[in-house]
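Remarks on the overall topology
Take a look at the letters that make up each chain.
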Amino acid sequence: MPCLTQHPAAFYDQAMRQWQPRLEDASEHLAQVRLDLREHLLRSLAPPEDPFQHSGSSSFKSACPRLPPLPGRPPESEELSAPWAASGVVERGSVAEAYGTFCTELLEAVDVTELQVPALPPAPTQAEIEASAVTQISAHWRGCRQRRRYLEQRTRHRAARRIQSGWQTCNLRSSTRRELLRREEEDRKLQTMMIYQLGLDWFQAKGMRRVEVHVCSLSIAEHRRSRMDSYQVLQGVQMARMFRLADSKRDVIFVAPKHIHEDVLDYYSKIMQFRGIQNPPGRFQVVVPENMGLKDKFSLTQALLCSPKALKRIARLVSNRLAMLIPEAVTHAEAKLSNTLRLPLIGPSARNMSLLSSKSNGKKLAQLAQLPVGPWAVDIYDEDEFYNSLAGLVVKHPEVRTWLLKIDDERNSRGTAYLDLQKIPQVQNAASAPALLGGASREQLHGTEVSVLGADAMEVRSMLQHLVPKRVVLCNRQVYSDFSHWLAEACRIGCVIQAVPENMISQTSVHFQVAPDGAVEVLGTSEAVTCTPFVRAASWYPHTRGSYQVLHEIGLRLGRSLGAKGLVGFASADVVFFDNPCFDASELVQDEDGHRDTPAIIGSDSPVNPEELMFGELRSPSPDMSIAAGELPAPRELPESRQADYEAALCEQEYHLDPKPVDPVSLMLGVQPQVGASSASPFACWVVDLDVRLTDEAAMLFPLKFIAQVKAEPSQGLMHLNNEAAQTRELDCLHDLTEEERFSRLQRWAMITHVAMAPQLERMSHQTLFQAAKMRGVSFDLFFNVGCIFTFLDVVHQLFSLMAVEKTPEACARKMSMALAAIAEGAKGVVGARQVVKPKVGASEGTDLLTLSDVQMALRVATGAVMSSRTHVWWMRGMAT
């Protein structure tokens, strides 16, 4: 290889470095530049013996032989004009001393026209060309093969690294999963052990002082929280749980998402003190997680798990005391919180929490409790399955006009929609039974599957698929803007389809509790007041239309079924009452006569009345029996075996084989093995939903019973003042009152609104609001147990909830109407209050919460419905009496 490509060549000798600046400046000396291209092997030769001299002697010339002069340059005999030649200084041991220098000149300093072009080298031979070509080809092939081999090696190496990394990740994931499963299993065992131990000691625990930790967290999916207005504030809606202090042996710790205003706490504290609770602040503690604002729309349970100070405070408050955790709904976050605090969880068991919290399993639980349910399709997770199920229900039940669609885990009608088939006449005509099945009866149709129905069901399905997105009505348009968004969420979570009965009388709920020892207690009943179809705005306490005996029996049956599934805590069941389409008036009249046949006993020794025998008057008279004075004839005795058969037949007919029951429970719920309303009952009922949690309606029972001092009457479920009320003690002194007058004075009705938004509260403080309400007569009389009170209030977020208590439903509705009007007017007329700006028209249309106008609309509907409820209440409650 040429030396030029092996090592750099110097333009100047190391001994001439001092002349470098001058050489760069003097352009006339560029021709004297020397370029050393010799190999290093030549530099190992010994230098000449004669040293350098300062004069230009012949020894210098001999030691430094020069090449022939370049063309156009003066001959060698001429004196050098270069600076180093003038000085004559040559360093000892330099290249110039030893070997001389191979010189060249820059083209800029040479006249190109005077250069002599050397002769070209001879052309290569054919052999040399072939050898060079073979060499290049082989070199390229070896390079290409080596590059391929390198690429393959690198690919294999990367694949091996990926496989190793994937295998390590898989092992790590498997070990982590096993560790999580092991911890979850330990947590389940710990929860089961704590609940089991609490159940064993519950008889003694009921008489002990205990602490309840209430965490009302809305632990829902994160993508749903982003669509909820005032999400974190709504986690404190059930603040009325503080009134569980009515039991003198309970202390309450309420975990709130934000600090409760002092005016609100003072408002409730005064009520508690008036009702006889000593030191309410000492028995009621509010704990706010310090990291609640760590994330936007953080759930209360997750924020509490991330707040060590709040956890430490709760642990200090419950240390060395009997305590339990009562959440709003039970998820894995609440289970983790229970294990962190080492408190028994009052709710579904860890294994069945997802099973019991789904609407799809409500039907199975109701059927397990042998309760009537309507046409119901569950566990729908696909769009095709949705339309197939809907088409099958429409074909099998052509008499149903409205179908209700619900997402499994949605609440408060947020994921509810309904379809009115009368607005789709082509579907209703196509789904008629004679057209589809050629005159088949409904009894034969009820057990038919969709696939058996044939092509007509597919025709109905195609119609529904085309018309349902246009005709379906969403109950909350702010949550799901159109049906496509609703259906996408329903297919992801799961949904159910329910039939809505015709001539519906009321939508009621029964609230019950399953104790740790398995005992079931019915807390009370309520009736929904709707502003729009299937959207609740308020509730009556107790229910105004429906049978209390039926609701009580439904609560007991469901409580026993849920207790067998591991539930310990609160639950609510929604029941609808409607006119029975199979009612037969003749059977009702026959049942009301109360006529019972004599049990038929096969045998000749049965007792027979001689007066009822055929030809009784033609029989020969029996001789008169001599009866002693004061003696009665002895009754005719049967043989011992026949007498036992007769008594057994009487008992069996009286308790087991009565084919025509007259009580409303048997008439509506059915007698085994038949489940459902009897044809002798003018009314029927269905269980339509089951909430295994402490709902907002159930939580309102605590302030109602505590503030109004009422209790449910066991036979009819009506609210009466308890013995601690002042009115009860006053009426005990009046002996001239009739039973009806005493009954009417002790009876109480209540209406409680759900949490609603009022824009008028935006510029009002708590004191201003309380003053304005008091001026308009919106207050509660703690002596007579009537009036109106706030069960929840947050003026910052414009949210409120009201409870009105009166002696009659009509008076209760009027009191609630006055309270809502006072809130709508705001602080008008109050001294020192700021002027409230009226909201613009349509300003509240963008919220997914209830508004003040929605509650007022529901109240107008409820006022008219109360007047028409007397007939149903009289029949249903009169059957028991």
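Residues numbered from 1 in each chain as written. Predicted model: local features only at pLDDT ≥ 70, side-chain atom pairs only at ≥ 80, totals over all residues. Heavy atoms only, no water.

Per an unreviewed UniProt entry, the chain goes by IQCH-like ATP-grasp domain-containing protein and derives from Durusdinium trenchii.

1. Description of the sheet that holds strand 8 (residues 473-474)
Note on sheets: strands pair through backbone hydrogen bonds, and any given pair is parallel or antiparallel. Spatial ordering of the open sheet is given by 5-9-6-7-8, a layout of five strands whose pairing is antiparallel. On the outer flanks of this sheet lie strand 5 (376-380) and strand 8, each paired with one strand and no other. Bridging between strand 6 (residues 402-407) and strand 7 (residues 416-420) involves five bridges; their strand directions are antiparallel. Paired with Leu405 across the strands is Ala417, a residue of strand 7. Across the sheet, helix 16 (residues 383-396) lies against strand 5, strand 6, strand 7 and strand 9 (495-500), angled at about 170 degrees from strand 5, the strand it touches most. Contacts between helix 21 (residues 483-493) and the sheet are confined to strand 5, strand 6, strand 7, strand 8 and strand 9, with strand 6 contributing the most and set at about 60 degrees to the helix. (Pairing = 2+ DSSP bridges. Helix = DSSP H or I, 4+ residues; strand = E, 2+ residues; numbered from the N terminus. Contact = heavy atoms within 4.5 Å. Axes fitted to C-alpha atoms, helices over the stretch in contact; angles between N-to-C directions.)

2. So, the pairing of strand 12 (residues 535-541)
Strand 12 sits mainly inside the fold: seven of its seven residues count as buried. The sheet contact formed by strand 11 (residues 520-532) and strand 12 spans five bridges and is antiparallel. Within the sheet, the bridge partner assigned to Thr530 lies in strand 12 and is Arg536. Taking the residues that link successive antiparallel strands as the turn, the strand 11-strand 12 hairpin has two residues, and the phi of Phe534 there is positive, at about 70 degrees. Relative to strand 17 (residues 747-753), strand 12 runs antiparallel, the two sharing four bridges. Opposite Ser539, over in strand 17, you have Ile752 as the bridge partner. (Buried < 20%, exposed > 50% of the residue type's maximum accessible area, 1.4 Å probe, protein only.)

3. Thoughts on the environment of Gly777
Looking at the secondary structure, you find Gly777 in the loop between helix 30 (766-775) and strand 19 (780-781). With ten residues separating them along the chain, Gly777 and Gly787 place their C-alpha atoms 8.7 Å apart.

4. Looking at the sheet that holds strand 4 (residues 322-327)
The four strands are arranged 3-2-1-4 in an open sheet whose pairing can be described as parallel. Two strands close off the open sheet at either side, each with one partner strand: strand 3 (284-287) and strand 4. The sheet shows a mean angle of 20 degrees between the axes of neighbouring strands, taken without regard to direction. Relative to strand 4, strand 1 (residues 210-215) runs parallel, the two being bridged by six bridges. Across the sheet, the residue bridging to Arg210 is Leu322, located in strand 4.

5. Things to note about unusual backbone geometry
Along the chain, Tyr541 connects to Pro542 via a cis peptide bond; the corresponding omega equals -10 degrees. Looking at the element boundaries, Pro542 is found in the loop between strand 12 and helix 22 (548-564). Even without glycine at this site, Ser230 takes up a positive phi of about 55 degrees. Within the secondary structure, Ser230 sits in the loop between helix 7 (222-225) and helix 8 (231-234).

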